[in-house]
Amino acid sequence: MQLERYVGLLYRAQVALADAFRQVGAAHRDEPDVFFMCEQQAAVCDNHAGMLAVVTAAEPAARFGGPREELLRDLHDLYLMAAECDLCWTLVGQAAQGARDERLAGVVARAEGETSVQLAWLRTRMKQAAPQALVVAD
Amino acid sequence: MADAARVRDPWGARTPYGPGEQWPVRVDTGGDPEADSWVPSASVLHSNGDAFDIGVRDGRITGVRGRAGDRVNRGRLDPKDVYGWRATASSDRLTRPLVRSGDRLVESDWETAMGRIVRRSRELLDGPGGWGRFGFYTSGQLLLEEYYTLGVLGKAGLGTPHMDGNTRLCTATAAAALKLSFGADGQPGSYTDVDHCDALALWGHNVAETQAVLWMRMLDRRRGVNPPAMLAVDPRDTPVTREADVHLALRPGTNLALVNGLLRLIIERGGADEGFVAAHTLGFDELRAVVDAYPLGKVAEICGLKPADLERAADLLGGSQRLLSTVLQGFYQSHQATAAACAVNNLHLVRGMIGRPGAGVLQMNGQPTAENTREAGADGDLPGFRNWENPRHVAELARLWNVGTARIPHWSPPTHAMQIWRYAEQGSIRLLWISATNPAVSLPDLARIRRVLAKPELFVVVQDIFRTETAEYADVVLPAAAWGEKTGTFTNADRTVHLTRKAVEPPGEARSDLAIFLDYARRMDFRDRDGGPLIPWQGPEEAYEAWQRCSAGRPCDYTSITYADLERGGIQWGGERLYSDGVFATDPDHCETYGQDLSTGAENTAEQYRAKNPGGRAFLLGAHWRPAPEVPSDEYPLHLVTGRTITQFHTRTKTGRVPELDDAAPFAWVELHPADAAERGIADGDQVRVESPRGAVRVVARLTGVRERVVFVPFHYAEQAANELTITAWDPVSRQPLFKVAAVRVTKEG
């Protein structure tokens with residue numbers, strides 16, 4: 001069954017996203033809302049990875065390549081990583097139902113909404129930053 | 001020392017009354033009772049909107065007299081108002097414009113001062129993205145006509161979204177919670193709910209000191225027949241908590257867990273109004289799932305409270321037939337501020353306690369005219385509680401102002417105060433215009449704010465009545481007329497609009513804030529689409545009429561309230577109570593917001609909102625409690641909360657200049673629990689040092705009944721500024737700074 005490989009992919013994506021939230025947050029301490037929210041969301045990702053570790057073998061994940069120190073681009077990177085997690089949750093959720101795996105389906109039900117919130121927050125924060133960053137700032 | 005009877009007896013004699021009766025009249029006065037003429041006005045030293053007349057003799061203010069017929073105060077005066085009018089005649093008022101010459105500010109004239117501002121404005125506006133170079137940081141103390149004019153010149157003249165007020169510090173959470181729960185800003189309840197209620201719940205609201213006259217009303221009910229039961233939630237020991245039947249002195253930073261837990265108990269004990277919930281709300285099942293995670297024992301542990309006290313509170317709330325809640329800074333300036341304020345709204349919706357006499361919610365304001373900052377769009381929101389994401393609302397404004405829709409900034413959320421300061425710090429905002437507020441004392445992390453103000457490439461305009469700490473950093477200082485020296489309207493925390501008339505001439509060359517904004521608009525030559533002046537109005541009444549047209553058809557519709565009507569006394573917009581028919585402002589075409597996620601502030605899209613099909617139902621919004629971003633540690637073991645004291649206002653620019661008020665509290669202090677003091681060898685009256693990771697202040701220790709491990713410092717004092725200690729962080733939804741979550745240590749000074 002390929003499902004297990006996909007759960008592993010999702011697990012690694014969650015671990016990488018937690019790492020990325022932490023690194024981006026630390027790089028933008030002067031944007032206190034970004035710093036605190038990144039810390040908060042890193043903990044959400046830790047929790048997701050922890051739930052997945054119960055149902056799959058925890059494999060080492062790739063480290064985030066490091067922030068670019070440019071707020072909009074860093075949030076953009078986080079968005080793409082969160083989008084990968086979001087897609088994985090959808091697919092794993094579908095497959096878990098097909099496999100009649102109630103435990104895995106339960107994990108998906110608890111977590112996928114939180115990843116959607118991360119995407120919505122990143123989109124909101126980027127919309128706020130974009131006009132000033134792209135049109136006004138030097 | 002000045003005689004200050006009303007400082008010693010702030011709430012005066014009781015006039016008890018029973019449920020459903022009219023609050024008896026008690027006329028208070030201050031100053032000389034003999035005057036040549038009396039000019040109608042209301043208070044600008046707090047948000048209660050107490051109406052009084054200004055006594056004038058020989059062109060000077062001689063005293064004040066409460067208006068017996070007014071619905072808000074029925075003649076009474078707050079102690080600040082008994083004496084505070086004297087500040088207007090202070091000898092150190094700004095009387096001439098000042099301009100920077102090297103490291104000094106020198107006296108100048110209006111032509112030179114305005115010329116410098118306009119020249120800099122044009123240079124900036126002509127560059128690409130020119131709108132983004134401007135930031136306006138205003139106040140909760142100007143008048144409606146002034147805010148609206150400022151809003152139009154900023155939004156349709158310069159086209160900048162970077163406008164906010166210091167109302168962000170005091171009232172942003174009230175606005176955010178009302179928008180999210182009910183669809184639009186606007187206070188649901190009325191002060192007359194005090195006359196009818198059988199239970200009062202004060203959530204983080206030390207009303208005795210923040211709105212003294214509202215407290216008199218509550219006390220008079222408590223001394224009358226069939227008094228309301230009373231719950232107070234506050235880690236401090238205050239006149240309110242001492243009066244309450246149940247006092248929950250919770251651990252700071254745990255408000256949301258508390259309200260979730262109380263709601264769970266209330267539902268479990270059958271307190272939900274199922275008919276109301278089904279007919280008038282959305283989201284009960286989701287809310288139920290959230291609050292079910294807060295059983296009694298867990299909440300007691302998180303909040304540091306006894307389970308029995310929580311049960312008594314739940315019985316008080318769940319057993320009432322007419323419940324009135326008030327909410328203020330204990331909730332608004334903590335983390336998860338909007339979520340906790342919405343949790344109080346949830347409680348009222350679940351119990352069906354809204355829109356009936358005695359059953360209501362008052363999400364309070366801190367500052368006197370904060371309501372108007374919100375309504376008129378001087379805080380970044382679009383005027384008239386319009387939704388920046390709704391193209392039809394933007395088009396309405398474009399038609400009204402006769403400008404293209406592209407001129408009006410609606411492409412992203414309005415820039416909140418802390419972000420405006422961040423853009424100034426980064427250098428993309430180059431002109432910062434500060435009116436009627438003193439951010440060099442009132443904002444969090446003052447060292448950083450002073451660094452920003454001192455940046456040479458930032459052009460700073462300060463418009464004020466005194467040469468404040470902030471003015472010292474200005475490139476141009478504009479002398480403004482004070483309350484009593486100008487005409488206009490303002491609206492209190494229960495939507496009561498008052499007219500304040502000019503009683504005396506401003507000193508020297510000082511001008512009203514309205515005249516200053518109009519002069520800037522004229523010199524900048526802002527035009528509409530047909531080449532006419534963008535802002536055609538001249539005086540306050542014309543500005544008010546322009547605002548009436550802007551407000552037409554919106555929740556805050558002023559069209560039926562004229563200056564002539566207001567001569568007779570205060571009038572509420574929207575009637576006595578909002579939502580008395582159970583229809584909320586959530587219709588997608590009418591609402592002010594499509595909603596936000598409470599934990600992150602992430603915005604919903606229009607499609608997501610429409611899919612919920614709210615159809616006039618209110619939203620029940622659950623969120624889980626999280627620990628605060630800064631909690632006490634070994635190094636900083638105490639939890640700091642900051643707040644007000646009754647005799648002082650804002651940064652004391654006025655109250656510090658009035659001997660009766662200044663003498664009452666000339667210096668800051670720190671309130672400590674006796675056990676925490678003993679541990680540190682501190683006695684009452686000792687000089688101590690309060691220190692956080694960001695800074696320190698030296699103050700006198702007062703041993704009080706504050707919760708153990710919690711200390712309180714009032715925020716008014718420039719020399720001993722509590723904001724040297726506070727963190728730079730804010731609620732993700734309302735963007736209100738967290739003044740009540742810093743960790744500190746206190747040591748005795750040698």
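Conventions used here
- Residues numbered from 1 in each chain as written.
- Chains lettered and ligands numbered in written order.
- Predicted model: local features only at pLDDT ≥ 70, side-chain atom pairs only at ≥ 80, totals over all residues.
- Heavy atoms only, no water.
- Helix = DSSP H or I, 4+ residues; strand = E, 2+ residues; numbered from the N terminus.
- Rg over C-alpha atoms; globule rule 2.2 N^0.38 Å.
- Buried < 20%, exposed > 50% of the residue type's maximum accessible area, 1.4 Å probe, protein only.
- Lys, Arg positive; Asp, Glu negative; His and termini not counted.
- Charge placed at Lys NZ, Arg CZ, Asp CG, Glu CD.
- Pairing = 2+ DSSP bridges.
- Axes fitted to C-alpha atoms, helices over the stretch in contact; angles between N-to-C directions.
- Contact = heavy atoms within 4.5 Å.
- Buried area = accessible area lost by both parts, 1.4 Å probe.
- Salt bridge = Lys/Arg side-chain N within 4 Å of Asp/Glu carboxyl O.
- Polar contact = N/O pair within 3.5 Å; in protein donor to acceptor, adjacent residues only side chain to side chain.
- Nonpolar A, V, L, I, M, F, W, Y, C, P; charged D, E, K, R; others polar.
- 1 Å grid on protein atoms, 1.4 Å probe; cavity = no way out; pocket = protein on both sides within 12 Å on 5 of 7 lines; lining within 4 Å.
- Points joined across faces, edges and corners; volume = space filled by probe spheres on them.
- Patch = residues over 30% accessible without salt bridge, like charges linked within 9 Å, V, L, I, M, F, W, Y side chains within 5 Å.
- Areas by Shrake-Rupley, 256 points an atom, 1.4 Å probe, with all protein chains shown as cover.
- Core = buried A, V, L, I, M, F, W, Y, C linked by side-chain atoms within 4.5 Å.
- Phe/Tyr/Trp six-rings, centres within 6.5 Å; stacked < 30°, edge-to-face > 60°.
- Lys NZ or Arg CZ within 6 Å of the ring centre and 35° of its normal.

For the rest of this paragraph, the subject is the overall build of chain A. Looking only at helices and strands, one finds four helices and zero strands in chain A. Reading the secondary structure of chain A in the N-to-C direction produces α-α-α-α. Since a compact globule built from 138 residues should have a radius of gyration of about 14 Å, the 16 Å found for chain A is in line with a globular shape. Taking the principal axes of the C-alpha coordinates as reference, chain A spans close to 55 × 25 × 20 Å. Relative to its 138 residues, chain A shows a buried fraction of 49%. Looking at charge distribution, chain A has the averaged site of its 13 positive side-chain charges lying 4 Å from that of its 19 negative ones.

In a beta sheet, neighbouring strands pair by backbone hydrogen bonds and run either parallel or antiparallel. Residue and element names in this part refer to chain B. As summarised here, the arrangement of the five strands in space is β11-β10-β9-β13-β14, forming an open sheet in which the pairing is parallel. Edge positions in the open sheet fall to β11 (246-248) and β14 (360-363), since each of these has one partner strand only. The mean angle between the axes of side-by-side strands here comes to 10°, regardless of whether they run parallel or antiparallel. In the sheet, strand β13 (residues 323-327) pairs with β14 via four bridges, with the strands oriented parallel. Residue pairing across strands places Thr326 opposite Leu362, the latter belonging to β14.

Moving on, we come to the pairing of strand β26 (residues 710-714) of chain B. Residues and elements named next belong to chain B. Counting buried residues in β26 gives five out of five residues, a clear majority hidden from the surface. Side chains Val710, Phe712 and Pro714 of β26 all project onto a buried face; the interleaved residues Val711 and Val713 project onto the opposite face, where all are buried too. Sheet topology note: the strand β22 (residues 638-643)/β26 ladder contains five bridges and is parallel. The residue bridging Val641 from the neighbouring strand is Phe712, located in β26.

This part covers the interface of chain B and chain A. Taken together, the contacts link 31 residues of chain B with 22 residues of chain A. Interface area, chain B with chain A, both sides summed: about 2,100 Å², of which 55% is carbon and sulfur. Between the two partners, chain B and chain A, sit four salt bridges. Where Asp138 of chain A meets Arg430 of chain B, a salt bridge forms, and the shortest distance between an N and an O atom there is 2.8 Å. At the boundary of chain B and chain A, one finds 13 residue pairs in polar contact (both at pLDDT 80 or more). Taken together, the residues of the side of chain B that touches chain A break down into 11 nonpolar, 12 polar and eight charged.

Left-over empty space is what a probe sized like a water molecule reveals as it rolls over the atoms. Residues and elements named next belong to chain B. The tally for this structure, following the rule as stated, stands at nine cavities of 30 Å³ or more. By volume, the largest cavity is sized at about 490 Å³. Around the largest cavity sit 34 residues that line it, and Gln329, Gln333, Thr642, Gly643 and Lys740 are the ones nearest its centre. Of all the elements in the fold, those that place two or more residues in the lining of the largest cavity are α5 (167-170), α8 (207-210), α16 (329-332) and β22. Residue composition of the lining of the largest cavity, by class: 12 nonpolar, 17 polar and five charged. Of the pockets and cavities examined, the second largest cavity occupies roughly 420 Å³.

A word on the pattern of salt bridges. Any two side chains of opposite charge can pair, given that their charged atoms come close. Residues and elements named next belong to chain B. Per the counting criterion, the structure on display carries 70 salt bridges over all chains. When the shortest N-O distance is used, the salt bridge between Arg269 and Asp315 registers 2.7 Å. Of this pair, Arg269 sits in the loop between α11 (255-268) and α12 (274-280) while Asp315 sits in helix α15 (residues 307-319); the two residues are 46 residues apart in sequence, bridging distant segments of the chain. Residue classification places Asp315 among the partly exposed residues on the basis of a relative accessible area of 44%.

Before going further, it helps to examine a nonpolar patch on the surface. Taken together, Tyr6, Leu87 and Leu91 of chain A make up a surface patch of nonpolar side chains, about 270 Å² in accessible area. Position of Leu91 of chain A relative to the elements: it lies in helix α3 (residues 71-98).

By size, the foremost hydrophobic cluster in this structure holds 162 residues, and its most contacted members are Trp203, Leu231, Leu248, Leu258, Trp433, Leu478 and Tyr520 of chain B. Membership of the second largest hydrophobic core comes to 42 residues, among which are Ala42, Ala96, Val108 and Ala129 of chain A.

All names here are of chain B. Throughout the structure, instances matching the rule amount to 20 aromatic pairs over all chains. Arranged with centres 6.2 Å apart and planes meeting at 70°, the rings of Tyr520 and Phe526 form a pair that is edge-to-face. Just as Tyr520 is buried, Phe526 falls in that class too. Arg76 extends its terminal NZ or CZ atom over the ring of Trp23, reaching a point 3.7 Å from the ring centre. A cation over a ring is seen here: Lys298 above Tyr294, with NZ or CZ 4.8 Å from the ring centre.

Moving on, we come to the environment of Arg694 of chain B. Residue and element names in this part refer to chain B. The topology assignment puts Arg694 in the loop between β24 (687-691) and β25 (696-703). Its relative accessible area of 27% is what places Arg694 among the partly exposed residues. Along the backbone, Arg694 and Leu446 are 248 residues apart, and their C-alpha atoms lie at a distance of 9.3 Å. For Arg694, the residues in contact, after removing those within four places along its chain, are Glu630, Glu724, Leu725, Thr726, Ile727 and Ala742. Within the structure, the side chain of Arg694 is placed 2.9 Å from the side chain of Glu630, a separation counted as a polar contact.

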